[in-house]
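Geometric and topological summary
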Amino acid sequence: MKTERLMEALNDTRDDFIEDMMQTMLGHAKTRRARPALRTLLLAAALSLLLGATAYAAYRGSMAHREPSPTDKPGYFITDAGESGDETLQLNWGDAAMLLHFDTSDEGFRHAFRFTWMPEGTEAPNPHGIVPFLPDPDIPREIPINSIEDVERAKNLQPVMEPDTEKLAELGLTLEEAQSLRRSAECWRGGEFAMRVDLMDVDMLFGHDLVLGWLGGEASIVREDSFGPCQRLEVEVSACEKDPQALRCLFLFEPEEQYLIAMIADPAVFSMEELERIGAGIEVRTTSLKIKADPEPGMNWSVLGLAQG
């Protein structure tokens, strides 16, 4: 609703209706009518809330997908430093199984997540496997955060550093919260690496496409609907000679907060029902760290797969 239309609507509202609304906002325990000065302040506060909510909801993201074609123009690129400086190489994903595209704003907030449920036999967060929560790749790794790791891999991780209290304050997190949150996780089952979970914000989604089945294969949509506040897309990617790893994928995109939870699993290990239950139990925390997408990224795509690192 435009501001002027909102003001006109408020001007046409009867005073007794406004006063009754203010009394309701004040709570049932207060029975006296609001004084004129208080009534004016309350009306201004209500107007500010309405305008603020309108501005906040002005941009709502979305997730879409398509099957590429070999005749697609090579609209994807990677820029690398060659002998003569930066060189942009054009790519064509015509033989990929599926492309995911996200309509988002170019700025937002950093998010992190924690698991609340895992199937029996899946490695739980290991207190010895501490890796840092990285709000930005340029920020020193000084905020410890748990990750799902097996014991042998945990031994190779860097020692736990003292937490950076200033960075914690910047993120709006307590030390306890930081130690339970993560940006990605490697999940093990039966001693084998079986799933990767990543949380992607607008700086990774804006102007980028995510590629499934890069070297061939086919993508079959299992389900596409709503999942709580998120858009849900469930995809099975078949194996082929050029890409022998079949994939089971669950994508959860939150259109208001504009983040994506990407769950890529080995279909021989995790069922789609298990992925759904894991996804339903994922808690996402919005930090106070503001982020902005790079207006001139070095690449505008990412390949999704079951990979470590």
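This structure is a prediction, so every number in the text was calculated from the model and none was measured.

Looking only at helices and strands, one finds eight helices and 16 strands in the protein. For the protein, long-range pairs separated by at least 24 residues make up 68% of all intrachain contacts whose partners lie at least 6 apart in sequence. When the accessible surface of the protein is totalled, it reaches about 17,400 Å², and 53% of it is carbon and sulfur.

Before going further, it helps to examine the nonpolar core. Residues Phe102, Leu210, Leu212, Val235, Cys249, Phe251 and Leu260 are the most contacted members of the largest nonpolar core, which totals 23 residues. The set of elements that each furnish at least two residues to this core consists of strand E4 (98-103), strand E9 (192-200), strand E10 (209-212), strand E12 (230-237), strand E13 (247-254) and strand E14 (259-265). Per element, the largest residue contribution to this core is four residues, and it comes from E13. With 22 residues, the next largest nonpolar core counts Phe115, Phe227, Cys230 and Ile282 among its residues.

It is worth spelling out the confidence of the model for the protein at this point. Across the protein, the average pLDDT comes to 75, with 67% of residues at 70 or higher. In this model, residues 1-15 is a region of pLDDT below 50 whose contacts with residues beyond four sequence positions or in other chains number eleven contacts.

Positionally, Asp198 belongs in strand E9. Of note is the side chain of Asp198, whose polar atom sits 2.9 Å from the side chain of Arg196.

A few words on the packing of aromatic side chains. Enumeration over the complete set of coordinates arrives at five aromatic pairs. For the pair Trp93 and Trp214, a centre-to-centre distance of 5.1 Å together with 80° between the ring planes defines the contact as edge-to-face. One end of the pair, Trp93, is in the loop between strand E3 (85-91) and E4; the other, Trp214, is in the loop between E10 and strand E11 (219-227), with 121 residues separating them in the sequence. Here Trp214 falls in the partly exposed class, since its relative accessible area comes to 39%. Aromatic pair Trp188 and Phe193: ring centres 5.7 Å apart, planes at 55°, arrangement tilted. The residues Trp188 and Phe193 share a single accessibility class, namely buried. Members of the aromatic cluster, joined through ring pairs, are Trp93, Trp214 and Trp301. Of note, Arg189 hangs over the ring of Phe270, and the distance from its end group to the ring centre comes to 5.0 Å.

Let's shift gears to the environment of Glu276. Tracing the backbone through its elements, the reader meets Glu276 in helix H8 (residues 272-280). With 25 residues separating them along the chain, Glu276 and Phe251 place their C-alpha atoms 9.8 Å apart. Here Glu276 is in contact with Arg223, Phe227, Arg232, Glu234 and Leu250, once residues within four sequence places are set aside.

Another point: the sheet that holds E14. To summarise the sheet geometry, strands pair through backbone hydrogen bonds and adopt either a parallel or an antiparallel arrangement. Pairing in this open sheet of six strands is antiparallel, and the strands run E8-E9-E14-E13-E12-E11 from one edge to the other. Only two strands of the sheet have a single neighbouring strand rather than two, namely strand E8 (184-189) and E11. Put simply, the sheet's adjacent strands are angled 15° from each other on average, direction ignored. Here E9 runs beside E14; their pairing, made up of six bridges, is antiparallel. Paired with Met195 across the bridge in E14 is Ala265. Docked against the sheet, H8 engages E8, E9, E11, E12, E13 and E14, running at close to 30° with respect to E13.

All right, on to the sheet that holds strand E1 (residues 62-66) then. In space, the four strands of this open sheet follow the order E1-E4-E10-E16, with mixed pairing throughout. Each edge of the open sheet carries a strand with a single partner, namely E1 and strand E16 (301-304). Taken pair by pair, the neighbouring strands of this sheet meet at an average axis angle of 25°, ignoring direction. In this structure, E10 lies alongside E16, joined through four bridges in parallel fashion. Bridging across to E16, Leu210 finds its partner in Ser302.

Within the fold, Thr122 resides in the loop between strand E5 (107-114) and strand E6 (130-132). Classification of Thr122 as buried rests on a relative accessible area of 10%. Contact partners of Thr122, with chain neighbours within four places excluded, come to Cys187, Trp188, Arg189 and Phe270.

Here we take up the pattern of salt bridges. Counted under the stated rule, the structure contains 17 salt bridges. With its nearest N and O atoms 3.8 Å apart, the salt bridge here joins Lys292 to Glu107. Placement of the pair is Lys292 in strand E15 (residues 283-292) and Glu107 in strand E5, with a sequence separation of 185 residues. Using a relative accessible area of 46% as the deciding quantity, one classes Glu107 as partly exposed. Taking the shortest distance from any N to any O, the salt bridge between Arg114 and Glu283 comes out at 3.4 Å. One end of the pair, Arg114, is in strand E5; the other, Glu283, is in strand E15, and 169 residues separate them in sequence. Judged by its relative accessible area of 40%, Glu283 is partly exposed.

About the criteria used
For every chain, the first residue of the written sequence is number 1, and numbering continues from 1 along that sequence. Given that the model is predicted, a residue must reach a pLDDT of at least 70 before its local features are reported, and side-chain atom pairs must reach 80 or more before they are shown or counted; all residues, however, enter totals for whole chains, interfaces and linings. As a rule here, side-chain values come from all non-hydrogen atoms in the structure, and water together with hydrogens is ignored. Secondary structure elements are taken from DSSP: a helix is a run of H or I of four residues or more, a strand is a run of E of two residues or more, and numbering for both begins at the N terminus. Here, residues are in contact when the closest pair of their heavy atoms is within 4.5 Å. Working definition of accessibility: Shrake-Rupley area with a 1.4 Å probe, residue cover restricted to the visible protein chains. Only buried residues count toward a nonpolar core, which is a set of Ala, Val, Leu, Ile, Met, Phe, Trp, Tyr and Cys residues joined through side-chain atoms within 4.5 Å. Per-residue accessibility, obtained with a 1.4 Å probe over protein chains only, is compared with the maximum for each type, and a residue is labelled buried under 20%, exposed over 50%, and partly exposed between these values. What pLDDT conveys is the predictor's confidence in a given residue, as a value from 0 to 100. Two N or O atoms count as a polar contact when they lie within 3.5 Å, although within protein this holds only if one can serve as hydrogen donor and the other as acceptor, and sequence-adjacent residues are included solely when both atoms are side-chain atoms. In this scheme Phe, Tyr and Trp rings, the latter by its six-membered ring, pair at centre separations within 6.5 Å, and the angle between planes marks the pair as stacked below 30 degrees, edge-to-face above 60, and tilted otherwise. Any Lys NZ or Arg CZ that is within 6 Å of a ring centre and within 35 degrees of that ring's normal is treated as a charge sitting over the ring. Strand pairing is defined by DSSP finding a minimum of two bridges between the two strands. A fitted line through C-alpha atoms serves as each axis, taken over the contacting stretch for helices, and the angle formed by two N-to-C directions is quoted from 0 to 180°. Between Lys or Arg on one side and Asp or Glu on the other, a salt bridge is scored when a side-chain nitrogen of the former is within 4 Å of a carboxyl oxygen of the latter.

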